[in-house]
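Chain by chain, the residues:
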Amino acid sequence: THVVTEACIRCKYTDCVDVCPVDCFREGPNFLTIDPDECIDCAVCIPECPVNAILPEEDVPADQQKFIAINAELAKAWPSITKRKPALPDADEWKDRTGKLDQLIR
Ligand code: F3S
């Protein structure tokens, strides 16, 4: 599967959802997740994300490993998103920040 990592938090640019052929993105208040049961590893979403938040599971770095379980868990709770929408209003302010996990709204 592919995994949405920390960079998405408080940004949610949503460029990724327009290209997904299997509609595997799920939307929370300030983050998206990929449903690992739907993702076919096509990788077309990777270059679409302006903050490089999406990675193949095998390339997720050590400090982002917890996002593998977070994607799987929240994908079951959140609704599908299949069309791009405006990014969060302060996305550009948050896009270069790290240590954002405590900002994730479930
Ligand atoms: Fe998030 Fe990047 Fe998609 S910021 S909503 S993973 S385009």
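Structure first, text after, so check above.
Residues numbered from 1 in each chain as written. Predicted model: local features only at pLDDT ≥ 70, side-chain atom pairs only at ≥ 80, totals over all residues. Heavy atoms only, no water.

Counting its secondary structure elements, the protein contains three helices and four strands. Ordered by position from N to C terminus, the α and β elements of the protein give β-α-β-β-β-α-α. On C-alpha atoms alone, the protein measures out to a radius of gyration of 12 Å, which is about the 13 Å that the 2.2 N^0.38 rule sets for 106 residues. Sequence separation of at least 24 residues holds for 77% of the intrachain contacts in the protein that already meet a minimum separation of 6. Summing over all exposed atoms, the protein offers an accessible surface of approximately 5,400 Å²; the carbon and sulfur share of this is 50%. (Helix = DSSP H or I, 4+ residues; strand = E, 2+ residues; numbered from the N terminus. Rg over C-alpha atoms; globule rule 2.2 N^0.38 Å. Contact = heavy atoms within 4.5 Å. Areas by Shrake-Rupley, 256 points an atom, 1.4 Å probe, with all protein chains shown as cover.)

For R10, which is not glycine, the phi torsion reads 70° and is therefore positive. Here R10 shows up in the loop between β1 (2-4) and α1 (15-19). Although it is not a glycine, T14 sits at a positive phi angle of roughly 65°. Residue position: T14 is located in the loop between β1 and α1.

With the rule as written, the count across this model stands at two cavities of 30 Å³ or more. Each pocket or cavity is described by its volume, and for the largest cavity that value is around 100 Å³. What lines the largest cavity is a set of 15 residues, among which C8, Y13, T14, C16 and C49 lie closest to the centre. Tallied by class, residues from the lining of the largest cavity come to 12 nonpolar, one polar and two charged. Here the second largest cavity is characterised by a volume of approximately 70 Å³. If you go around the second largest cavity, you meet 13 residues; those closest to its centre are C20, C24, C39, C42 and C45. (1 Å grid on protein atoms, 1.4 Å probe; cavity = no way out; pocket = protein on both sides within 12 Å on 5 of 7 lines; lining within 4 Å. Points joined across faces, edges and corners; volume = space filled by probe spheres on them. Nonpolar A, V, L, I, M, F, W, Y, C, P; charged D, E, K, R; others polar.)

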